[in-house]
Each structure stands twice: as C-alpha cells, then as structure tokens.
Amino acid sequence: MSDEPEAEPDPDLDEVHRIEVKAPGRLDAVITATLADIRADTSRAQVQKWIEDERVTVNGVAVTKTGSKVRALDAIEVSVPLPVALEVLPEPIPLVVLFEDSELIVIDKPAGLVVHPAPGHSTGTLVNALLFHCKDLSGIGGVMRPGIVHRLDKDTSGVMVVTKTDRAHAALTHAFAAKSRGDAGGIERSYLAITSPAPPAKRGALRTQYGRHPALRKKFSSKVESGKSAVTHWEVIEPLHDAALVKFVLETGRTHQIRVHASDHGWALVGDRVYGHKPRDERLADVATTLGRQALHAAVLAFDHPVTGERLRFESPLPPDLVAARAALALP
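Residues numbered from 1 in each chain as written. Predicted model: local features only at pLDDT ≥ 70, side-chain atom pairs only at ≥ 80, totals over all residues. Heavy atoms only, no water.

Chemist: Quick question: what am I supposed to make of the overall build of the protein chain here?
Modeler: Counting its secondary structure elements, the protein chain contains seven helices and 20 strands. Residues counted as buried form 46% of the 332 residues belonging to the protein chain. Expressed as a percentage of contacts within the protein chain between residues at least 6 apart in sequence, the contacts between residues at least 24 apart total 66%. Of the accessible surface of the protein chain, which amounts to about 16,700 Å², a share of 54% is contributed by carbon and sulfur atoms. (Helix = DSSP H or I, 4+ residues; strand = E, 2+ residues; numbered from the N terminus. Buried < 20%, exposed > 50% of the residue type's maximum accessible area, 1.4 Å probe, protein only. Contact = heavy atoms within 4.5 Å. Areas by Shrake-Rupley, 256 points an atom, 1.4 Å probe, with all protein chains shown as cover.)

Printed below as a string of structure tokens:
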C-alpha cells in the first residue's frame, strides 16, 4: 500500500466505463460483475476503492458508499485510473524464477535482498528487479508495479510469490491474511533454521500471545499479557555442535514469528542480530560471524493459484551459506 494521496479523476488520463443497470443490486457488485467481462483483472476490492475515491457516479451524482443500492435503468459511470509508472526504476538484478505466468511470479529470494524500496533502500530491491524482469504487469491499484502480498526479511532467503494483476493480488492478499490469523487450509509455509542451542525435544509446538515488545517497540515478543495468537510447529532435523538444524512450520504468520518464538524460548537463531545472542562458544561464534545474517530460510511455499485454482507448491534447498554453516557445526 502507498501513503501517496489518490489522484483526482481525470477524463484525459482515466478509462471511463458507462453501465446501464439491468437489475437491482449493490453498487459494488453490479460494477464488478459488469467490468469483469471487459477487464479481466477487475476485483471487488478494487471497485470498492474506486467508489470510495469518488470515481463512480450514479445518474450523474457521485456515490462513495460501496453498498449503495442501484435500480434497473440507473446510469453508472466509472472512472478507472490507467496504470501509471511507479517512481522506482527497473534494475537488471538477477532473479531465480521458480514459476511465472500472466498473474504471478514465484522467486527464490537470496539473503541480503530488500523486498521493497524504503528510506535507505531506494534501489537494489526486489521491486526494482521485478520491474525490469516482468514485461506484462497490468498494474496493482492503478500503479504499474508488482503486488507484494507477503515479505521476507532482508536477511532471510527463500521462496516468495509476487502478483502481477489486481485480481491475483486481492486473492492472495486474502489468503495470506487468513494464514496470519491461523485459518486452516490455503497457504503452506515452512522454514529451515539453525538454532543455538538445540530445542529441548525432537519436535513440538509453541502457542503464545504475540505483540510488540513492551519496552523495545521496534521488536516483537511472545511474552506479552495480551495480543494476537501465534502458533509455530518445530522439528529437529539434525543435531549440530551446540545447535540444531530445525524445521519450522507456521500455523499463523506474525511478523518475525519464528525468530521471536525461538529466541523467547531459549534457542535463538544463529546470527540473529536482533533477537539472538553473542555465542560464547568460539566455533559457533565463527560460524555466526561468517554467516552475517540470521540462519533462516523459507524452504516451502504452497498455495492455490488465485485464478485457476490449481494447487502450486515450491521448494528451495538450503543456500550455500547455510550449507556451509551446517557443515561447520556438524557433529563428529
């Protein structure tokens, strides 16, 4: 989402659609059903935004309530903003593409790549790379840009999906929001991490409240009196020297959830500069320094295609830096 104000409707820059209502109904539903036959990427969420932005009139009068009722023979006019160029320049940054079609693209993000431009990171981001790579963006919310529906931290590697169209963006945003709440089905996400020390058992689940850290507001905590529910399942894949390779499966999707849950329970991720600790063991300290980032990798992402409904599942192997860290900590 952008903090920039919406542009006023401009007949020279907008695509104007005129609709004669055939049968009574909700304004947003009538527009969506009609324009879906003309614009394949039309979503109800986008139509509602057009209404709220005063881009819709009924019988010549602007209407801003999405649930307004319209009658047969009412004349609706919709001013659809044409996609405009994003003020971020395309950059020829190499990408590992796992899947791509006209609706979305799935990539294997390397550690160190910031997802979205922000203060201090206006260039060299995943969005810059995608603007160069994707030649068929139809525009998200009227802006010619890729649709970020979930994020990986700069120093987390692994599988990410990004949308190209409004309808794919709306559907996957809904699916990821449901995952964050812990709703069953839909998105599957699992990670591989190196923790230190190892968890106290072969497998288990962490079920906590989750929210902002009570004292350090830039951090999150599972040790809060009230907050949202957070559930992380874990399984030790391989014991290591004062550490372990651990598989984490997210039941909910809170910000920094794996890093916080592991740290708050005494086995932080190796190399985590925010939630981790400085290892006392020299061998472990050398690995953390060499790694230079938290040992976290998004290994699996599965979801239903937002248009075809086909189940898609993608896996990414451990990247070379984590393979090296695993080998350096291997038991005799």
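Chemist: Explain the pairing of strand β13 (residues 188–196) to me, please; I cannot follow it from the model alone.
Modeler: Looking down a regular strand, the side chains alternate between one sheet face and the other. Judged by how many residues are buried, β13 sits mostly within the fold: eight of nine residues are covered. Relative to strand β19 (residues 296–304), β13 is paired through six bridges, and the arrangement is antiparallel. Paired with Glu188 across the bridge in β19 is Ala302. Of the strand pairs in this sheet, β13 and strand β17 (residues 243–250) are connected by six bridges, and their pairing is antiparallel. Bridge pairing in β17 links Ser190 to Val249. In this structure, β13 lies alongside strand β18 (residues 268–269), joined through two bridges in antiparallel fashion. Bridge pairing in β18 links Thr195 to Leu269. (Pairing = 2+ DSSP bridges.)

Chemist: Is there a simple way to explain the nonpolar core in this structure?
Modeler: The nonpolar side chains of a soluble globular protein tend to be buried, and buried together. In terms of nonpolar packing, the biggest core is built from 30 residues, with Leu126, Met160, Val162, Tyr191, Trp234, Phe248 and Ile258 touching the most fellow members. Setting aside anything within four residues of it in sequence, one finds Phe248 in contact with Arg189, Ser190, Tyr191, Ala193, Thr195, Thr232, His233, Trp234, Ile258, Ala262 and Trp267. Within the second largest apolar cluster, 17 residues are counted, among which are Leu192, Ala288, Ala295 and Leu322. (Core = buried A, V, L, I, M, F, W, Y, C linked by side-chain atoms within 4.5 Å.)

Chemist: Explanation requested: the packing of helix α6 (residues 282–291) against helix α7 (residues 320–328) in the structure shown.
Modeler: Packed helices, taken two at a time, are described by the angle between their axes plus the distance between the axes. Close contact between α6 and α7 brings their axes to 10 Å; oriented N to C, the two are set at 175°. The orientation of α6 with respect to α7, classified from their angle, is roughly antiparallel. Contact with α6, carried on its side by Arg283, Val287 and Leu291, involves Asp321, Leu322, Ala325 and Ala328 of α7 and no other residues of that element. The residue inventory of the contact of α6 with α7, partitioned by class, reads five nonpolar, no polar and two charged. (Axes fitted to C-alpha atoms, helices over the stretch in contact; angles between N-to-C directions. Parallel < 35°, antiparallel > 145°, perpendicular 65-115°, else oblique. Nonpolar A, V, L, I, M, F, W, Y, C, P; charged D, E, K, R; others polar.)

Chemist: How should I be thinking about helix α2 (residues 44–52) in this particular structure?
Modeler: Since the α-helix packs 3.6 residues into each turn, any two residues three or four apart lie on the same face. Those residues of α2 that fall on the buried side of the exposure criterion are Gln46, Val47, Trp50 and Ile51. Along the axis of α2, the buried residues cluster in a sector spanning 145°; they form a single face. Structurally, α2 contributes buried residues whose contacts are with α1 (27–35), β3 (56–58), β6 (75–81) and α4 (166–181). In the stretch just after α2, Glu54 is the one whose phi turns positive, near 60°. (Arc of directions from axis to C-beta.)

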